[in-house]
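# A structural walkthrough
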Amino acid sequence: MRARGAQGRDRRPDPAAGLAAPDPPAHTKKTPAARKEARTASHRGAANDLRRHGLAVDGGRTRGGEEVRLLTAAGLAAAAIDLDREPEEMGGIPKSAGRSGASHPMTVNETVIALIRAKPDLDRLTEQPAEAQAAAWAAVDAPDGIGTLTSYATEVALPVKGTWRNPAIGSARADVVLTAPEAGVPLLFIEVDNCTEEAVLIARKFDKYIRFFKRREKDTDGIEKPMWRTRWSAPG
């Protein structure tokens, strides 16, 4: 159902509406940078609070100049409480984010966002440019995505030896693990590549996955089963 105004009319922006309207005085115009500053002020304040309490650290900047924040081990533990997850389900900290410009972690984030297809709040976009509002309407009209934010975990260790919390060197590490049985995706491991790795390195990841899936351990019921089934459920 489309959102409508008080008069019952569709609030979809009219691309031609601004053509006849006079430009506001220059001193009242907000630059894109100023709009972004206002839109993200509360988020940056929250990130700074997390850093002061040792729950997050600066992770450098992306190649586009965006600031990156990384949760520390304590931050991941605190997030696990809010999300009602076990600590080992929270994944890990992206490696070398600050040195590499966070290109891979940001691509992982973008992958998750693209799969979720979150619907924007149109009421918060009324002061944004017409093209931004049109993009928001396109997102609202698009098909639903897969799962919610809590359906995803990133940087998840898949131990070939060791434990979930202390995987041995050489273990696989999934960029994203998706569990959304309500959407017909009970379990999916996702590898995200920026086309910067050689084929031989990617092939080694498959070998690590195979070793992980072949590993068997006793579950809490004393029955030996594939290790991955002690953590996730999926059809046989």
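Calculation notes
Residues numbered from 1 in each chain as written. Predicted model: local features only at pLDDT ≥ 70, side-chain atom pairs only at ≥ 80, totals over all residues. Heavy atoms only, no water. 1 Å grid on protein atoms, 1.4 Å probe; cavity = no way out; pocket = protein on both sides within 12 Å on 5 of 7 lines; lining within 4 Å. Points joined across faces, edges and corners; volume = space filled by probe spheres on them. Helix = DSSP H or I, 4+ residues; strand = E, 2+ residues; numbered from the N terminus. Pairing = 2+ DSSP bridges. Axes fitted to C-alpha atoms, helices over the stretch in contact; angles between N-to-C directions. Contact = heavy atoms within 4.5 Å. Buried < 20%, exposed > 50% of the residue type's maximum accessible area, 1.4 Å probe, protein only. Core = buried A, V, L, I, M, F, W, Y, C linked by side-chain atoms within 4.5 Å. pLDDT = per-residue confidence, 0-100. Phe/Tyr/Trp six-rings, centres within 6.5 Å; stacked < 30°, edge-to-face > 60°. Lys NZ or Arg CZ within 6 Å of the ring centre and 35° of its normal.

Quantified by volume, the largest pocket comes out at close to 2,000 Å³. In terms of lining, the largest pocket is formed by 50 residues, of which the most central are Arg69, Leu71, Met106, Asn109 and Leu149. Contributions of two or more residues to the lining of the largest pocket are made by α1 (32-52), β1 (56-61), β2 (67-71), α2 (73-83), α4 (103-116) and β3 (152-158). Looking at the lining of the largest pocket element by element, the count peaks at ten residues for α1.

This part takes up the sheet that holds strand β4 (residues 172-180). Read across the sheet, three strands follow the order β3-β4-β5 without closing on themselves; strand pairing throughout is antiparallel. Looking at the sheet topology across the chains shown, the edges are occupied by β3 and β5 (185-190). Within the sheet, the average angular offset between the axes of one strand and its neighbour, ignoring direction, is 30°. Contacting β3, β4 and β5, α4 runs over the sheet at an angle of about 130° to β3. Relative to β4, helix α6 (residues 199-214) is tilted by about 60°, and along the sheet it contacts β3, β4 and β5.

Let's shift gears to the environment of Glu224. Structurally, Glu224 can be placed in strand β7 (residues 224-226). Among the residues examined, Glu224 registers a relative accessible area of 48% and is labelled partly exposed. Non-local contacts of Glu224, meaning those with residues more than four positions away in its chain, are made with Arg216, Glu217 and Lys218.

Take the nonpolar core next. Ranked by internal contacts, the top residues of the largest apolar core, which has 15 residues, are Leu158, Val177, Phe189, Phe212 and Trp232. Those elements giving two or more residues to this core turn out to be β3, β4, β5 and α6. By size, the runner-up hydrophobic cluster in this structure holds ten residues, among which are Val108, Tyr152, Val185 and Val192.

For the rest of this paragraph, the subject is the pairing of β3. Across the seven residues that make up β3, a large majority, six, are buried. Two strands pair when backbone bridges link them, and β3 and β4 are joined in this way by six bridges, in the antiparallel orientation. Each bridged residue has a counterpart across the sheet, and for Thr154 the counterpart in β4 is Val176.

Confidence along the protein chain averages 81 in pLDDT terms, with 81% of residues attaining 70 or more. At the low end of the mean pLDDT range in the protein chain sits helix α3 (residues 97-100), at 48; at the high end sits β7, at 95. Across residues 1-9, where pLDDT falls below 50, the model places twelve contacts with residues more than four positions away in sequence or in other chains.

Turning to the packing of aromatic side chains, a few remarks are in order. Using the criterion set out here, one finds eight aromatic pairs in the structure. A ring pair is formed by Phe189 and Trp232, whose centres lie 5.3 Å apart and whose planes are at 85°; its orientation type is edge-to-face. Here the residue Phe189 occupies a position in strand β5, and Trp232 occupies one in the segment after β7, the gap between them amounting to 43 residues. Note on accessibility: Phe189 and Trp232 belong to one class, buried. Each member of the aromatic cluster is reached from another via a ring pair, and the members are Trp164, Phe189, Tyr209, Phe212, Phe213, Trp228 and Trp232. Positioned above the aromatic ring of Trp164, the side-chain terminus of Arg231 is 4.7 Å from the ring centre.

Now for unusual backbone geometry. Look at Arg117: it is not a glycine, yet its phi comes out positive at around 55°. Mapped onto the elements, Arg117 comes out in the loop between α4 and α5 (130-141). Take Arg117: its relative accessible area is 42%, and that puts it in the partly exposed class. Residues other than glycine seldom take positive phi values, yet Glu155 does so here, at roughly 50°. With respect to the helices and strands, Glu155 occurs in strand β3.

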